[in-house]
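Listed here are the chains, written in short residue letters.
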Amino acid sequence: MKFFVDTAEIDAIKELHALGMVDGVTTNPSLIAKSGRDILEVTREICDIVDGPVSAEVVALDADTMLAEGRKLAKIADNIAVKVPLTWAGLQTCKALSDEGTMVNVTLCFSANQALLAAKAGATFISPFIGRLDDINIDGLELIEDIRTIYDNYGFDTQILAASIRNANHMSECAKIGADVATAPPGVIKAMANHVLTDKGLAGFMADVEKAGIKIL
Ligand code: G3P
């Protein structure tokens, strides 16, 4: 499973990238707003760091303006994936940009039918939002399973990009199901390293290091 990092924070991207943990980056208008930076400038900076796909989202609601915005975003770098919402206008924009050879990430997906439409429209990535479904007591991971089944049934090559990931458990569950990509905030990726027995074991080793005065350097 590829790891994308869901942030527009440059330092966090650099830290994870140095460890080989970043196969791509996703942003959205809320993350850009949080960064306090200009969308074109910060997206360009991310593309300079990361070789893999960098999702940058359109902000228009109608297809013509979305397409113009998408074309402008795509000019930033070769690894831009234009992110469009899963609306009819978004699907029209997805088809047009995909036909032009631009990667497209269709976002705000909450149903298997939406994912089916995105694949038909040529999406490179479909972004089902796990956490926001969980928030309303609908099993987000079940949606990932359903989309996996449907895409495999028909050989769609649209990649399942599990999004709205809120915890480390979501990451391993997505990997078990076979999501192609999971995008998570930096804190969730780092939290994957945590285990209470690791902490406990290390504390025991450190007590013995102290007791025996073990030194290596
Ligand atoms: O990639 C989409 C993601 O940023 C949404 O996450 O936690 O706002 O639902 P969240």
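Structure's up top.
First, a word on scope: everything that follows refers to the structure included in this document. Counting from 1, residues in each chain are numbered in the order their sequence is written. Local features in a predicted model are, by the rule used here, given only for residues with pLDDT of at least 70; side-chain atom pairs are given and counted only at 80 or more, and totals for whole chains, interfaces and linings are based on all residues. The basis for every side-chain value is the complete set of non-hydrogen atoms in the structure, without hydrogens or water.

Axis angles are defined between N-to-C directions and span 0 to 180 degrees, where every axis is a line fitted to C-alpha atoms and, for a helix, only to the segment in contact. Put simply, DSSP H or I for four residues or longer makes a helix, DSSP E for two residues or longer makes a strand, and each gets a number counted from the N terminus. The N-to-C vectors of helix H8 (residues 140-154) and helix H9 (residues 168-177) enclose an angle of 20 degrees; their axes lie 10 Å apart at closest approach. Judged on the interaxial angle alone, H9 and H8 are roughly parallel. In this structure, H8 crosses over H9, and the sense of that crossing is right-handed. Packed against H8, whose contacting residues are Leu141, Ile144, Glu145 and Arg148, the element H9 presents His170, Glu173, Cys174 and Ile177 at the interface. Note that the term roughly parallel is reserved for angles under 35 degrees, roughly antiparallel for angles over 145, roughly perpendicular for angles of 65 to 115, and oblique for everything else. Take the far helix as the reference: if the near one is turned anticlockwise from it by less than a right angle, the crossing is left-handed, and if turned clockwise, right-handed. Whether two residues are in contact is decided by their heavy atoms, any of which lying within 4.5 Å being enough.

This paragraph deals with the sheet that holds strand S3 (residues 54-57). Strands sit in the order S1-S2-S3-S4-S5-S6-S7-S8 around a closed barrel of eight strands; the barrel is parallel. Each strand axis lies, on average, 30 degrees off the axis of its neighbour in the sheet, ignoring direction. Note on pairing: DSSP must find at least two bridges between two strands before they are called paired. Sheet topology places strand S6 (residues 125-128) next to strand S7 (residues 159-162); two bridges connect them, and they run parallel. The residue of S7 that forms the bridge with Phe125 is Gln159. Running at roughly 160 degrees to strand S4 (residues 80-85), helix H5 (residues 88-99) makes contact with S4 and strand S5 (103-109) of the sheet.

What follows concerns the site of the ligand. By convention in these notes, a residue is near a molecule or strand provided one of its non-hydrogen atoms lies within 4 Å of it. Taken together, Asp6, Asn28, Phe129, Arg132, Ala163, Ser164, Arg166 and Thr183 make up the full set of residues adjacent to the ligand. Between N or O atoms, a polar contact is any pair within 3.5 Å; within protein, one atom must be a potential hydrogen donor and the other a potential acceptor, and residues adjacent in sequence are included only when both atoms are from side chains. In this structure, an oxygen atom belonging to the ligand sits 2.6 Å away from a side-chain N or O atom of Arg132. For the ligand, an oxygen atom lies 2.7 Å from a polar atom in the side chain of Ser164. Under the convention used here, a 1.4 Å probe and the Shrake-Rupley method define accessible areas, while residue burial counts only the protein chains that appear. Contact with the protein chains covers 82% of the free accessible surface of the ligand, which is 310 Å². Residue type decides the class: Asp, Glu, Lys and Arg count as charged, Ala, Val, Leu, Ile, Met, Phe, Trp, Tyr, Cys and Pro as nonpolar, and the leftover types, Gly among them, as polar. Among the residues making up the shell around the ligand, the classes are represented as two nonpolar, three polar and three charged.

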